[in-house]
Amino acid sequence: MLHDMYVAIGNAIKETTGATDALLTDGGEHADLASTIAFALAKQKKQAPLKIARDLAEVLAKNQALRGITIEADGPYLNFTFGSAYVSETLREALQPGYGNLPKKSTRVVLEHTSANPNGPLHVGHIRNSIIGDTLARVFRKAGYPLEVQYYVNDMGRQIAIVVWGFDNLDSAQQEGEKEDAHIARVYIEANREIEKDEGITRQVNILMQLVENGDAATVKKFRREVSRCLEGFKVTLKDLNVAHDRFVWESDFIRNGNTERIINKLKRLPQARDDETLALDLSEFGFGNKYVIRRSDGTSVYAARDLAFHAWKGANFDRIIDVLGADHKLIGSQLQCTMKLLGEKVPEIVFFEFVSLPEGSMSTRAGKFVSADDLTTEIRKRAFEEVTVRRPELDEETRRTIARSVGLAAIRYDIVKVSPEKSTVFNWKEALDFERQSGPYIQYAHARACSILEKAGSFSECFELETDQEIALAKMIARFPMVIESVVTELRPHILACYARELADTFNTFYHFEPVLKSEGKIRDRRLTLVKAVQNTLKESLQTLGIDAIHTM
RNA sequence: GGGCCUGUGGCUUAGCCUGGACAUAGCGCCGGGCUUCUAACCCGGAUGCCGGGGGUUCAAAUCCCCCCAGGCCCGCCA
């Protein structure tokens, strides 16, 4: 609905003025939409912006395509305020199940996220990747795209070789109740300590790496076993965060199926190839200072080669490739994009996010310096359970536990997704455990409140004629939802949805405090209940798209 | 040394790509509001040289240049 208005007004301005851009912006408190076209036309028309705006408002007011829209010139600004038809149409749309869904598309999208090395549990830095990725995935599906979500398993890296060395050489039995990924981290940390003491171990690790690349059956089996165990741990962590992957793609498969060898042969033929002892690309003409190494002098491939093979495979099976990667991958990500372009392959779009650190500094799995996602989940559920128990002592324990799980999940996911990805953050227990304003639970609470009103109301006849400023403001906020979904898809910035959901909850809370619903009567009660139903549905869709449970009571 | 990202009230943060009407919100602070639809809430108030300096423009938090501070990256690691 909002999108339709945007197009109609934009076209009318362009037709009337001959401008190529209608310069439409959000009207803020002045209007629903505004245009600054009068400034742009001032020079060519040799007229004051005030006069241009005034004249244009007069002409546009007569345009039949803009019926029902109030058009006013406020100084040099052209203000457009939508009328009652817009508001009632919004309400009708927002009552539909799946409000905000966009038309089905045929572009097949593959989205890769998380892809952490399987050498220890996921920590609060990794899950920023998971939550940005999973939210994007949900938004793409809502926007009508067929989508596959993948986890790229780095199963042949040095870290894994170190883990395997640890299992072969150290006292490495799994402890009572120890989760697989935590167990692997313990062995990995211990093995790294040994490596620092004894350089000879590095040679043994190198041998393991060669054996696995050459396909030595026993070594491959060991690598696979430990990596699989670690992934089992990850799956539990991700499930607790309501994050899901459709497919786990193993890096070593691209050696075994010959794809890496094939892409290396193609790379050799590029004019940028330098095939001396190593095979590398010279990408200096594109602004890259270092060599992009593809194959070692001993003939084995490096990560970059397998990654290129992986992305070529994705390009062959999908129309659009999106990767969510940490800022430490910016250089290699750009080199990958550059090389894919040189090969004539599809170029992946990469969503980068900056690091999460601890107050005492960067996280490090190797040094055992991290806050694991499991610890965060455990702690936040505990806190949420205490909170629910204080607020709803009459509920039985089982119900309180269920609510606490949803509230905890909401707090974690929202706390992470609300921040722009290009901002680096410092993990803060106090903020992560906050269930008040600008939090996931705050939005859940607004939704639960709407549910409660609707439940008490019973049946009512729908009424689409809103009257008061608060009612109309809320309806207009609801109207923005589909365009929010659209902008997340085009900008690949999920925090836009997080901000919107919070603003919608804010607007509803204000409405709630000024406009009685159940205590009003007749048509007023009907139209407010209709509005509450619309906002409840929109909040539900927003929350679910953020991967947060839209619970009915809390 | 080079490249990328960030810098917005005491703290956290939106807006920056696509320049426009008094810069968004929260925490904290001050003052109000629960016998009334769930107070995980609402209302009011104080707090901003939008890191600094130049420039472009009728107009700059937003675009360009320089500088400062912090983070990340620059490996025959992944």
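Residues numbered from 1 in each chain as written. Chains lettered and ligands numbered in written order. Predicted model: local features only at pLDDT ≥ 70, side-chain atom pairs only at ≥ 80, totals over all residues. Heavy atoms only, no water.

### Quick word on the overall build of chain A
A tally of regular secondary structure across chain A gives 21 helices and 14 strands. Projecting the C-alpha coordinates of chain A onto the three principal axes gives extents of approximately 80 × 70 × 40 Å. Across the 554 residues that make up chain A, the buried fraction comes to 53%. For chain A, contacts bridging at least 24 residues in sequence account for 75% of all contacts bridging at least 6. (Helix = DSSP H or I, 4+ residues; strand = E, 2+ residues; numbered from the N terminus. Buried < 20%, exposed > 50% of the residue type's maximum accessible area, 1.4 Å probe, protein only. Contact = heavy atoms within 4.5 Å.)

### Some details on the domain arrangement of chain A
According to the domain assignment, chain A consists of domain 1 (2-82), domain 2 (113-357) and domain 3 (378-545). Using C-alpha coordinates to define each centre, domain 1 is positioned 34 Å away from domain 3. Taken together, the two surfaces of domain 1 and domain 3 that pack against each other cover about 400 Å², and 73% of this comes from carbon and sulfur. Considering only the side of domain 1, the residues that lose the most area to domain 3 are Leu2, His3 and Asp32, jointly responsible for 74% of the buried surface there. (Domains from an automatic or database assignment. Buried area = accessible area lost by both parts, 1.4 Å probe.)

### What to know about unusual backbone geometry
In this structure, Lys46 is a non-glycine residue whose phi angle is positive, near 50 degrees. On the secondary structure map, Lys46 appears in the loop between helix H2 (37-45) and helix H3 (49-61). Its identity as a non-glycine residue notwithstanding, Gln438 has a phi of 55 degrees, on the positive side. Here Gln438 is to be found in the loop between helix H16 (429-432) and helix H17 (440-457). Taking relative accessible area as the criterion, Gln438 reaches 43% and is therefore assigned partly exposed.

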